[in-house]
Amino acid sequence: MPTGRFAPSPSGPLHFGSLVAALASWLDARAAGGRWLVRIEDLDQPRVQRGAADEILRTLDRLGLCWDGEVIFQSRRTALYEQALTRLEGTYLCACSRREIADSALALAADGAQVYPGTCRAGLPAGRSARALRVRVAGTVSFVDRVQGSLSQDLAREVGDFVLRRADGQFAYQLAVVVDDADQGVSDVVRGADLLDSTPRQLYLQRLLGLPTPRYLHVPVALDASGDKLSKHTGAHAIGREDLRRALLFLGQPPSDTLAEAVRAWDPRLIPARRAREAPR
């Protein structure tokens, strides 16, 4: 069965930008006659805002974006991520700090992170302790996004060996999202284009772990009038049904009076093939 998912981080209430991703994912799954799951990505505990997960779920329910099955919390699934690490080849311990990586003066990756120079690939330097666990990368990863088109990324040159478990022991997003999507049977990942450049790393891990690859659809990121990305801090307000109409407009969909009508009219080909655009007022 076609299966989509919405995976918010509980660092604040639902805002317009995250509503756009939720609505697009919900419509895509329902139009295909499939399931729609909700997963709370709360691995980064210092960023978790108390009560935010419940508030997000209440907002989705109030808007009629009902989900199927149990809501999954990543913080309760660490045993699955540990099992995945034991199956991965090409991992190694790394002693480098963020400052040391930044001082390497290599290029920045597309998502703003520093490209890792491979300092610890041959083993930990003498007298240094491990801070993180990385995976070796090689080759170019290509895929076709349902909205953004064909994309390719040379992982070694544009990203470098990336982290799977951080210095604080926390599992990295790239690993957790791959394990969770496969475990939950997600066939279609619909999310914001701010995660577009993470997708090749996830495809790489899927191949290493022998997991199925979902289809991907990245919708534009919502910007405010100043051109800044809407966030839980800059775009938060009480989300209402009028915001559903604004989200449909943002996604290039025809106006609809009900969600049932929006499902019948859903056409991903109408979504603007842009990484970001200003939110309608």
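Each chain has its residues counted from 1, running along the sequence as written. Totals for whole chains, interfaces and linings use every residue, but because this is a predicted model, local features are given only for residues with pLDDT of at least 70 and side-chain atom pairs only at 80 or more, for both listing and counting. Processing note: side-chain calculations cover all non-hydrogen atoms of the structure and skip hydrogens and water entirely.

## Regarding the overall build of the protein chain
What counts as a helix is a DSSP run of H or I of at least four residues, what counts as a strand is a run of E of at least two, and both are numbered from the N terminus. Helix and strand counts for the protein chain come out as nine helices and twelve strands. All radius of gyration figures rest on C-alpha atoms, and the globule criterion is 2.2 Å times the number of residues raised to 0.38. Computed over its C-alpha atoms, the radius of gyration of the protein chain comes to 19 Å, within 12% of the 19 Å expected for a compact globule of 281 residues. Expressed along its principal axes, the backbone C-alpha trace of the protein chain runs to roughly 65 × 35 × 35 Å. Looking at the protein chain as a whole, 50% of its 281 residues qualify as buried. Contact between two residues is taken to exist if any of their heavy atoms lie within 4.5 Å; hydrogens are not considered. Long-range contacts, defined here as pairs at least 24 residues apart, represent 77% of the contacts in the protein chain between residues at least 6 apart. Note on areas: Shrake-Rupley with a 1.4 Å probe; residue coverage comes only from the protein chains shown. Of the roughly 13100 Å² of accessible surface on the protein chain, a fraction of 50% belongs to carbon and sulfur atoms. Distance between charge centres in the protein chain, computed from 37 positive and 33 negative side chains, equals 1 Å. Between buried and exposed lies partly exposed: a residue is buried under 20% and exposed over 50% of the maximum accessible area for its type, with that area taken using a 1.4 Å probe on protein chains only. Charge assignment: positive for Lys and Arg, negative for Asp and Glu; neither His nor the chain ends contribute. Here the site of a charge means atom NZ of a Lys, CZ of an Arg, CG of an Asp or CD of a Glu.

## A short note on the environment of Ala167
Looking at the secondary structure, you find Ala167 in the loop between strand 8 (162-165) and helix 6 (173-183). Classification of Ala167 by relative accessible area gives exposed; the value is 51%. Sequence separation between Ala167 and Leu203 is 36 residues; the distance between their C-alpha atoms is 24 Å. Excluding anything up to four places from it in sequence, Ala167 contacts Arg131 and Ala132.

## Quick word on the packing of helix 3 (residues 78-87) against helix 6
Note on definitions: angles span 0 to 180 degrees between N-to-C directions of axes, and those axes are lines fitted to C-alpha atoms, for helices only across the stretch in contact. Where helix 3 meets helix 6, the closest approach of the two axes is 10 Å, and the angle between their N-to-C directions is 105°. When the axis of helix 3 is compared with that of helix 6, the two are roughly perpendicular. When helix 3 is examined against helix 6, the residues Leu80, Tyr81, Ala84 and Leu85 are found in contact with a partner set consisting of Leu175, Ala176, Val179, Asp180 and Asp183. Here the residues of the contact of helix 3 with helix 6 are counted per class, giving seven nonpolar, no polar and two charged. In this scheme, roughly parallel covers angles under 35 degrees and roughly antiparallel covers those over 145, while 65 to 115 is roughly perpendicular and the rest are oblique. In this classification, Asp, Glu, Lys and Arg are treated as charged, Ala, Val, Leu, Ile, Met, Phe, Trp, Tyr, Cys and Pro as nonpolar, and every other residue, Gly included, as polar.

## Focus on the environment of Pro268
Locating Pro268 in the fold gives a position in the loop between helix 9 (259-265) and strand 12 (276-278). Spatially, the C-alpha atoms of Pro268 and Asp28 are 7.9 Å apart, while their sequence positions differ by 240 residues. Among residues more than four places away in sequence, those in contact with Pro268 are Asp28, Arg146, Val147 and Leu217.

## Focus on the packing of aromatic side chains
Whether two aromatic rings pair depends on their centres lying within 6.5 Å, for rings of Phe, Tyr and Trp, where Trp uses its six-membered ring; planes under 30 degrees apart make the pair stacked, over 60 edge-to-face, and the rest tilted. Counted under the stated rule, the structure contains four aromatic pairs. Look at Phe16 and Phe250: their rings are 6.0 Å apart centre to centre, the planes differ by 85°, and that puts the pair in the edge-to-face class. In this pair, Phe16 sits in helix 1 (residues 16-31) while Phe250 sits in helix 8 (residues 241-250), placing the two residues 234 residues apart along the sequence. The same class applies to Phe16 and to Phe250, which are both buried. For the pair Phe143 and Tyr216, a centre-to-centre distance of 6.2 Å together with 70° between the ring planes defines the contact as edge-to-face.

## Quick look at the sheet that holds strand 5 (residues 132-135)
When DSSP finds at least two bridges between two strands, those strands are taken to pair. Spatial strand order, 4-5-8: three strands in an open sheet with antiparallel pairing. Looking at the sheet topology across the chains shown, the edges are occupied by strand 4 (91-94) and strand 8. Neighbour-to-neighbour, the strand axes of the sheet open up by a mean angle of 45°, direction not taken into account. Sheet topology note: the strand 5/strand 8 ladder contains three bridges and is antiparallel. Bridging from a neighbouring strand, Val135 pairs with Phe162 of strand 8. Packed onto the sheet, helix 7 (residues 199-209) meets strand 5 and strand 8 and runs at close to 60° relative to strand 8.

## Re helix 1
How far a helix is expected to stretch is found by multiplying one less than its residue total by 1.5 Å. Here helix 1 contains 16 residues, and its C-alpha end-to-end distance of 22 Å stays within 8% of the 22 Å for a straight helix at 1.5 Å per residue. In terms of burial, helix 1 is largely enclosed, as 13 of its 16 residues are buried. At the exit of helix 1 stands Gly33, carrying a positive phi of roughly 70°.

## Re the packing of helix 1 against helix 8
Interaxial distance between helix 1 and helix 8 falls to 9 Å at its minimum, and their mutual angle equals 75°. Here helix 8 runs roughly perpendicular to helix 1, going by the angle between their axes. Within the contact between the two elements, helix 1 uses Phe16, Leu19, Val20, Leu23 and Leu27 and helix 8 uses Asp243, Leu244, Arg246, Ala247, Leu248 and Phe250. Among the residues making up the contact of helix 1 with helix 8, the classes are represented as nine nonpolar, no polar and two charged.

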